[in-house]
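Structure at a glance
In case you want the letters, here they are:
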Amino acid sequence: MSVILVLIGFSLFVALTFLGLYIWAVKTGQYKDNYTPSVRILFDDRETESKDENENNGKDE
Amino acid sequence: MIETKNYNPSATKLICYHCGEECPTDDIRLGDKIFCCNGCKTVFEILQQNNLCDYYALDENPGITQKEDIKRNYDFLDDAQLIEELIDFTDGKITKVTFSIPQMHCSSCIWILENLHKLREGIKYSKADFLKKIVEIQYAPKEISLKQIVELLDSIGYQPDLNLEGKVKEKSDSHTKKLYYKIGVAGFAFGNIMLFSFPDYLSFGKFHLENLGRAFSYLNVAFALPVFFYSANEYFISAFKGLRNKIFNIDVPIALGITVLFLRSLFEIFTGTGAGYLDSMTALVFLLLVGRVFQNKTYSALNFERNYKSYFPIAVTIKTNKGESTKPVGKLKTGDRIIVKNNELIPADSVLINGRGFIDYSFVTGESNPVEKVNGDIIYAGGRQKGSAIEVETVKEVSQSYLTQLWNNDAFSKKDISHLDSLVNTVSKYFTFIILSVATAAALYWWGNTDYAFNAFTAVLIIACPCALALSTPFTLGNTLRIFGRNKFYLKSTQVIERLTSITDIVFDKTGTLTETGKSSVQFEGEELSLYEKKLVKTLVHSSSHPLSKSIYNLFDVEKFKDVTEFKEIPAKGIVGKIDSHIVKIGSKMFLTDTNEKGEVNLSTKVYLSIDGKIRGFFSIANSYRKSLPQIVSQLKNKFALYVLSGDNDGEKSQLEKLFGKSSRMFFKQSPHEKLSFVKSLQKSSKKVLMIGDGLNDAGALKQSDVGISISDDINNFSPASDGILDSSSFKRIYDFIKFAATSKKIIITSFVISFIYNLIGLSFAVQGTLSPVIAAVLMPISSISVVVFTTFTTNFLAKRRGLL
């Protein structure tokens with residue numbers, strides 16, 4: 001039976017971790033804006049690309 | 001959402017590469033790209049130089065047109081005190097500022113606003129919030145000034161909305177966060193208590209896990225403590241406040257139920273007589289809080305609390321001995337000389353010193369046509385100059401002006417009292433008494449057996465906890481709010497829907513509400529003009545900058561001659577000129593006949609035309625009413641008493657009577673204060689008033705009325721404080737909205753009946769003293785969830801049938 005105690009302790013630990021993560025997520029404002037990140041994630045990060053390539057893009061269009 | 005661009009230069013229409021508007025010519029070009037104006041081209045060049053052409057790859061023609069091409073002066077942003085008011089935070093090295101950018105409309109906008117650091121050194125970080133239409137910028141004040149940032153934003157087309165109200169407020173933010181914490185804690189406890197109660201559910205009291213069962217129960221108590229003391233605290237506070245004011249609001253029976261659940265569970269667990277009802281208690285709190293989130297749906301990009309401060313500019317150009325400079329409006333004193341350019345606002349009551357004023361008061365007084373002012377005339381604050389720049393001298397401070405005094409009225413100082421007469425609170429008053437008497441009756445019945453009496457008494461209070469009752473309102477109204485939002489009718493809160501159902505009288509403003517903004521139709525009445533004469537007229541009015549001349553110019557679709565000789569424009573009278581050896585005069589009758597006959601005083605509605613001294617007829621300027629108006633009026637006429645309050649003259653009375661019939665009452669030349677007191681007088685005769693308006697002159701009436709709705713052509717533009725903002729394209733559906741609000745109320749009543757049935761079933765167990773924790777744990781969530789499903793499904797279904805979804 002004592003194995004149950006260990007499991008309960010572990011499950012509690014996991015549950016509390018998730019609660020903590022949730023509180024952290026609310027605290028850092030992740031629930032504040034639930035639209036913009038969905039757009040932001042689609043932006044390509046092309047900081048390193050050269051100017052020529054951008055111009056080529058212009059021509060392709 | 002983000003598509004690859006499919007730009008086709010061979011298309012017949014010339015589309016501006018930057019903003020997507022049609023180009024009049026293809027003169028302005030850069031490589032193979034065509035622009036509608038130099039402003040757009042400049043923005044493109046700025047972005048190209050900084051290697052930011054991705055802007056154009058994300059969305060098609062994402063830019064904001066630069067046709068207006070106004071050079072704005074931001075010198076006032078050098079004012080240290082003003083900077084202090086605008087920024088959120090600074091530590092000397094890094095400054096944080098939040099701007100409202102109403103022009104934000106696509107993913108390219110987000111992208112460019114978040115890449116500001118590539119445009120200019122000194123900007124460290126920027127983050128956009130699309131729904132709120134704000135951008136948060138962090139910059140190093142030693143490298144770049146606030147003024148430079150605003151100029152940069154303006155130069156790429158994103159002019160920040162700076163006004164006297166200052167910072168973008170985020171007051172509701174911490175409240176929402178708290179609610180999320182509470183839900184998190186309640187949900188966490190609810191799930192875990194359910195888990196630890198499982199052995200007990202399965203055993204049905206016969207089989208005990210002895211020590212382990214005990215341990216589980218104590219764990220449950222540990223979980224329930226934060227729910228009782230933290231998550232549910234708002235219900236106790238609200239119930240306490242209600243009782244202190246002798247009001248039995250819905251939170252009273254809820255708080256009672258939660259308390260009894262908690263205390264009886266503690267009693268059972270610590271005496272070892274049972275497992276308690278902690279699972280039901282946490283589930284109840286969790287569901288109630290979820291309902292609250294659903295009800296709290298807000299339109300974050302919209303502002304329902306605006307006053308004149310957000311309509312007025314933040315700074316004006318003033319003239320001093322040293323020349324022109326800018327000054328924050330708040331620091332404006334009487335006697336300051338202000339330069340007001342085309343399309344700028346007059347911030348305080350002033351006297352015209354220099355120039356010719358054509359003041360558009362439509363937003364302030366409801367007068368539909370610009371008023372001509374000459375030197376020495378008083379110009380009231382809020383008017384907008386149309387035409388060349390004028391110079392004025394202020395005679396009053398901003399807050400003491402004729403219009404802004406409206407905000408000193410009582411209607412604005414009293415707080416929005418939460419309407420306690422809402423349906424659910426009325427019901428809960430009787431409900432609380434009934435369950436208390438049932439509980440007492442059950443206890444008295446079992447009086448001989450103390451255990452049974454205690455059990456029955458507490459069980460009645462537990463099972464009668466009006467969870468389903470409390471959830472039906474937020475879910476029904478919350479869903480209705482969303483349905484309205486989809487139809488471009490944005491309400492401040494769900495309470496407005498309930499108030500909408502009790503409306504008896506509807507008051508309309510005229511200008512901008514019944515009429516379309518910025519559109520007036522000009523007609524010529526008199527002898528038919530020949531093509532040649534039309535050309536003459538068009539040529540003459542072309543030389544005039546009077547707004548009415550422009551309307552007449554657009555009336556005739558003919559070519560004009562090249563030159564006018566002996567052109568004269570006489571303020572407040574008319575214009576005259578010689579074209580092709582004909583003398584053409586346009587203006588008041590007095591001006592045309594050179595007599596002192598005072599026939600037509602009102603220049604703004606009738607303008608006469610004479611050619612070679614012979615009067616040919618007159619141009620009448622009529623407002624163009626919204627096309628859907630006859631339909632709206634015929635729908636509303638039989639159900640509500642209709643009124644029209646107009647700040648304009650009664651020139652349109654006969655036309656309005658055709659629409660509204662004689663029964664409706666119309667009042668003209670109403671000042672903002674008169675509008676407010678008219679609504680008040682209706683309310684005194686116990687009428688419930690719905691006010692529909694659009695301008696600052698309606699602000700008082702909107703605030704005073706039971707429901708105030710402001711109509712707007714662009715919901716992101718300014719609209720005065722109100723309970724709801726209605727997009728003008730949805731005005732025709734106003735009757736559907738009122739009807740659907742009534743339907744929502746019926747749905748709530750139906751769901752009340754359903755939840756009472758559940759309560760009756762539960763009570764039949766409870767009075768017998770046989771309520772086991774399992775039955776409670778099953779019945780309570782099922783009743784709540786079924787009510788939520790019922791209300792959501794029915795509102796959606798009925799909305800679909802009425803074409804609202």
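Further up the page is the structure itself.
As a starting point, this report considers the structure included with it. Throughout, a residue's number is its position along its own chain's written sequence, starting from 1. Following the order in which they are written, the chains are lettered starting with A and the ligands numbered starting with 1. Reporting in this predicted model follows two pLDDT cut-offs: at least 70 for local features of residues, and 80 or more for side-chain atom pairs to be given and counted; totals over whole chains, interfaces and linings ignore these cut-offs and use all residues. Values reported for side chains reflect all heavy atoms of the structure, with hydrogen atoms and water molecules removed beforehand.

Moving on, we get to the overall build of chain A. Comment: elements are numbered from the N terminus, with helices defined as DSSP H or I runs of at least four residues and strands as E runs of at least two. On a plain count of helices and strands, chain A comes out with 3 helices and 0 strands. Listed N to C, the secondary structure of chain A is α-α-α in terms of helices and strands. Using a 1.4 Å probe, accessible areas were evaluated by the Shrake-Rupley method; residue-level cover was limited to the displayed protein chains. Counting only carbon and sulfur atoms, one obtains 62% of the accessible surface of chain A, whose full area is about 4,600 Å².

Attention shifts here to the sheet that holds strand E6 (residues 134-139) of chain B. Residue and element names in this part refer to chain B. If you walk across this open sheet you meet the 4 strands as E3-E4-E6-E5, and the pairing is antiparallel. Sheet topology places strand E3 (87-90) and strand E5 (123-129) at the edges, where each strand pairs with a single neighbour. Direction aside, the axes of adjacent strands within the sheet are offset by 15 degrees on average. Note on pairing: two strands pair once DSSP finds at least 2 bridges between them. Bridge analysis of E5 against E6 gives 6 bridges, and the strand direction is antiparallel. When the sheet's bridge partners are listed, Tyr-125 is paired in E6 with Gln-138. Contacts are assigned to residue pairs with any non-hydrogen atoms lying within 4.5 Å of each other. Angular values range over 0 to 180 degrees, each being the angle between N-to-C directions of two axes fitted as lines to C-alpha atoms, with helices fitted over their stretch in contact. Those strands touched by helix H6 (residues 146-155) are E3, strand E4 (95-100), E5 and E6, and its axis lies near 35 degrees from that of E4.

Looking now at empty space enclosed by the protein. Residues and elements named next belong to chain B. Only protein atoms enter the calculation, which uses a 1 Å grid: trapped sets of points that fit a 1.4 Å probe without letting it out are cavities, open sets showing protein on both sides within 12 Å along at least five of seven lines are pockets, and any residue with an atom within 4 Å of a point is a lining residue. Grid points are joined across faces, edges and corners, and a volume is the space filled by probe spheres set on the points. Tallied over the full model, the rule gives 6 cavities of 30 Å³ or more. The computed volume of the second largest cavity comes to approximately 100 Å³. What lines the second largest cavity is simply Ile-463, Cys-465, Pro-466, Cys-467, Ala-468, Leu-469, Ser-755, Tyr-758, Asn-759, Leu-779, Met-780 and Ser-783. Taken together, the elements giving at least two residues each to the lining of the second largest cavity come down to helix H16 (467-486), helix H26 (734-767) and helix H27 (773-801). All amino acids are sorted into three groups, where Ala, Val, Leu, Ile, Met, Phe, Trp, Tyr, Cys and Pro are nonpolar, Asp, Glu, Lys and Arg are charged, and the leftover types, Gly among them, are polar. Classifying every residue of the lining of the second largest cavity by side-chain character gives 9 nonpolar, 3 polar and no charged.

Positive phi, close to 60 degrees, is recorded for Lys-488 of chain B, a residue that is not glycine. Relative to the elements of secondary structure, Lys-488 of chain B occurs in the loop between H16 and strand E16 (489-491).

What follows covers the sheet that holds strand E17 (residues 505-509) of chain B. Residues and elements named next belong to chain B. With mixed pairing, 7 strands are arranged side by side in an open sheet as E16-E28-E27-E26-E17-E24-E25. Looking at which strands have only one partner, the edges of the open sheet turn out to be E16 and strand E25 (665-667). When strand polarity is set aside, the average angle formed by the axes of neighbouring strands in this sheet is 20 degrees. When strand E26 (residues 689-693) meets strand E27 (residues 707-712), the two strands line up parallel, connected through 4 bridges. Pairing of Gly-693 across the sheet is with Ser-710, part of E27.

Turning our attention to the packing of aromatic side chains. Residue and element names in this part refer to chain B. Classification of ring pairs uses Phe, Tyr and Trp, with its six-membered ring standing for Trp, and accepts pairs whose centres are within 6.5 Å; under 30 degrees between planes counts as stacked, over 60 as edge-to-face, and the remaining range as tilted. Tallied over the full model, the rule gives 35 aromatic pairs over all chains. Arranged with centres 5.6 Å apart and planes meeting at 80 degrees, the rings of Phe-188 and Phe-223 form a pair that is edge-to-face. In this pair, Phe-188 is assigned in helix H7 (residues 171-203) and Phe-223 in helix H8 (residues 211-231), connecting sequence segments 35 residues apart. Across this residue pair, the class does not change: Phe-188 and Phe-223 are buried. Between Tyr-608 and Phe-618, the aromatic rings sit 5.4 Å apart at their centres with planes inclined by 55 degrees, giving tilted as the arrangement. Pair noted here: Tyr-608 is in strand E22 (residues 606-611) and Phe-618 is in strand E23 (residues 614-625), with a separation of 10 residues, a long-range link. Summarising the burial analysis for this pair, Tyr-608 and Phe-618 share the class buried. When a residue's accessible area, from a 1.4 Å probe over protein chains only, is under 20% of the maximum for its type it is buried; when over 50% it is exposed; and in between it is partly exposed.

Turning our attention to the interface of chain A and chain B. Taken together, the contact between chain A and chain B spans 29 residues of the former and 35 residues of the latter. When chain A packs against chain B, close to 3,000 Å² is buried across both sides, 64% of that on carbon and sulfur atoms. Criterion for a salt bridge: a side-chain nitrogen of Lys or Arg within 4 Å of a carboxyl oxygen of Asp or Glu. Joining chain A to chain B, the criterion identifies 1 salt bridge. Elements that contribute at least two residues to the side of chain A that touches chain B include exactly helix H1 (2-27), helix H2 (36-40) and helix H3 (51-60) of chain A. Ranked by residues supplied to the side of chain A that touches chain B, first place goes to H1 of chain A with 11 residues. Reported buried area values correspond to the accessible surface (1.4 Å probe) lost by two parts on association, with both partners' losses combined.

Another point: the environment of Leu-609 of chain B. Residues and elements named next belong to chain B. Topologically, Leu-609 is positioned in strand E22. Note on Leu-609: relative accessible area 0%, which makes it buried. Considered as a pair, Leu-609 and Leu-592 are 17 residues apart in the sequence and their alpha carbons are 7.7 Å apart. The contact partners of Leu-609, leaving out residues within four places of it in the chain, are Phe-524, Leu-529, Val-537, Val-584, Lys-585, Ile-586, Leu-592, Lys-614, Ile-615, Arg-616, Gly-617 and Phe-619.

All names here are of chain B. Summed over the entire model, instances satisfying the criterion amount to 21 salt bridges over all chains. The closest approach of N and O atoms between Glu-234 and Lys-182, which form a salt bridge, is 2.7 Å. Here Glu-234, found in helix H9 (residues 233-244), pairs with Lys-182, found in helix H7; they are 52 residues apart in sequence, far enough to count as distant. You can call Glu-234 partly exposed: its relative accessible area is 22%. Classification of Lys-182 by relative accessible area gives buried; the value is 4%. The residue Glu-234 makes a salt bridge to Arg-292 at a minimum N-O spacing of 2.4 Å. With Glu-234 in helix H9 and Arg-292 in helix H11 (residues 278-295), the pair connects residues that are 58 residues apart, well separated along the chain. Sharing partners across several salt bridges, the network here consists of Lys-319, Arg-337, Glu-391 and Glu-393.

Let us now look at a positive patch on the surface. Residues and elements named next belong to chain B. Positive charge collects at one region of the surface, where Lys-639, Lys-739, Lys-746, Arg-801 and Arg-802 lie side by side. For Arg-801, the location among the structural elements is in helix H27. Take Arg-801: its relative accessible area is 65%, and that puts it in the exposed class. Each patch is built from residues lacking any salt bridge and having more than 30% relative accessible area; the joining distance is 9 Å for like charges and 5 Å for nonpolar side chains (Val, Leu, Ile, Met, Phe, Trp, Tyr). Here Asp and Glu are counted as negative and Lys and Arg as positive; His is not counted, and neither are the chain ends. One atom stands in for each charge, and that atom is NZ of Lys, CZ of Arg, CG of Asp or CD of Glu.

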